[in-house]
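Chain by chain, the residues:
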Amino acid sequence: MKPTTKLLLSALAFATGAALSAAAPAAENWENHCAKCHGADGKGQTKVGKKLQVKDYTDARVQAEMKDADLIKVTTDGVVDKAGKEKMKAYKDELSADEVKALVAHIRKFQA
Ligand code: HEC
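Note that the structure is a prediction, hence the values are computed from the model and not measured.

**Student:** Before we go on, may I ask you to explain the overall build of the chain in this structure?
**Tutor:** A tally of helices and strands in the chain yields six helices and two strands. Reading the secondary structure of the chain in the N-to-C direction produces α-α-α-α-α-β-β-α. Per-residue burial over the chain gives 27% buried out of 112 residues. Taking contacts inside the chain between residues at least 6 apart in sequence as the whole, the part at least 24 apart equals 44%. Carbon and sulfur atoms form 59% of the exposed surface of the chain, whose accessible area is close to 8,000 Å².

This is the structure:
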């Protein structure tokens, strides 16, 4: 390999690494922020998930009823119940718009 090629490749590797560290991968964000309620497998069978009656994201019917725009909105702005009590907090301060979009794609992958 020519030295210039080698230099270019290492510069590229550096740039890619920097981009990755700015936004955490969706799987990592899911584990850190969402799995407590929605479950690592998206089924929502955790202690908190059962209590809050979260949906089973492996269920095709559940997936069919959910629109991408709603999933983005809920993750960004959170959910409150009819009495105005928070069921799920808003993540707009912790996650970028791209991270939220990646999480929605991650949720879609739970469907069996
Ligand atoms: C404190 C528990 C909790 C955590 C943590 C949590 N959620 Fe939720 N989530 C809920 C509840 C409760 C609902 C509303 C369920 C309902 O009303 O049917 C919900 C609803 C949603 C919805 C709307 C679709 C649906 O199931 O009704 C999406 C999308 C969603 N959550 C994504 C996420 C993502 C992404 C994260 C992590 C960034 C996350 N949630 C973290 C509890 C949680």
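Structure shown, so let's carry the discussion forward.
**Student:** I would appreciate a short explanation of the coordination of the iron atom of the ligand in the present structure.
**Tutor:** Protein coordination at the iron atom of the ligand comes from His-38 (NE2) and Met-88 (SD), with a distance range of 2.0 to 2.1 Å. Note that the iron atom of the ligand binds six donor atoms; their angles at the metal cover 87 to 179°, and the shape is octahedral. Of the two residues, His-38 is situated in helix α2 (residues 26–38) and Met-88 in strand β2 (residues 86–88); the sequence distance between them amounts to 50 residues.

**Student:** What should I look at first to understand the packing of aromatic side chains in this one?
**Tutor:** Given two aromatic rings, their pairing is described by the distance between the two centres and the angle made by the two planes. Taken as a whole and assessed by the stated rule, the structure comprises one aromatic pair. Here the aromatic rings of Trp-30 and Phe-110 are separated by 5.1 Å at their centres, their planes lie at 55°, and the arrangement is tilted. Residue Trp-30 is located in helix α2, and its partner Phe-110 is located in the segment after α6 (97–108); the two are separated by 80 residues in the primary sequence. Each of the two residues, Trp-30 as well as Phe-110, counts as buried.

**Student:** How should the side chain of Thr-46 be read in this particular structure?
**Tutor:** Turning to its location among the elements, Thr-46 is positioned in the loop between α2 and α3 (47–52). Polar contacts involving the side chain of Thr-46 include one to the main-chain amide nitrogen of Gly-49, which spans 2.9 Å. If we ignore the near neighbours within four places in the chain, the residues touching Thr-46 are Ala-35, Lys-36, Cys-37 and Gly-39.

**Student:** Looking at this structure, how should I read the site of the ligand?
**Tutor:** Lining the immediate surroundings of the ligand are 19 residues, of which Cys-34, Cys-37, His-38, Tyr-57 and Met-88 lie closest. Lys-55 is positioned with one of its side-chain polar atoms (N or O) 2.9 Å from an oxygen atom of the ligand. Residue Lys-87 places a side-chain N or O atom 2.9 Å away from an oxygen atom belonging to the ligand. Mapped onto the shell around the ligand, the elements with two or more residues apiece are α2, α5 (68–77), β2 and α6. Ranked by the residues each element gives to the shell around the ligand, the list is headed by α2, at five residues.

**Student:** Got a minute to help me understand the packing of α5 against α6 in this structure?
**Tutor:** For any two helices packed against each other, one specifies the inter-axial angle together with the distance between the axes. Packing of α5 against α6 brings their axes to within 9 Å, and their N-to-C directions diverge by 125°. By the criterion of interaxial angle, the relationship of α5 to α6 is oblique. The hand of the α5/α6 crossing is right-handed. Residues Asp-68, Leu-71, Ile-72, Thr-75 and Thr-76 of α5 touch α6, and the partners they reach there are Val-100, Lys-101, Val-104 and Arg-108.

Cut-offs used in this document
Residues numbered from 1 in each chain as written. Predicted model: local features only at pLDDT ≥ 70, side-chain atom pairs only at ≥ 80, totals over all residues. Heavy atoms only, no water. Helix = DSSP H or I, 4+ residues; strand = E, 2+ residues; numbered from the N terminus. Buried < 20%, exposed > 50% of the residue type's maximum accessible area, 1.4 Å probe, protein only. Contact = heavy atoms within 4.5 Å. Areas by Shrake-Rupley, 256 points an atom, 1.4 Å probe, with all protein chains shown as cover. Donors = N, O, S within 2.8 Å, 3.2 Å for Na, K, Ca; no water. Tetrahedral: all angles 85-135°; square planar, octahedral: opposite > 155°, others 65-115°. Phe/Tyr/Trp six-rings, centres within 6.5 Å; stacked < 30°, edge-to-face > 60°. Polar contact = N/O pair within 3.5 Å; in protein donor to acceptor, adjacent residues only side chain to side chain. Near = heavy atom within 4 Å. Axes fitted to C-alpha atoms, helices over the stretch in contact; angles between N-to-C directions. Parallel < 35°, antiparallel > 145°, perpendicular 65-115°, else oblique. Left-handed = near helix turned anticlockwise from the far one by under 90°.

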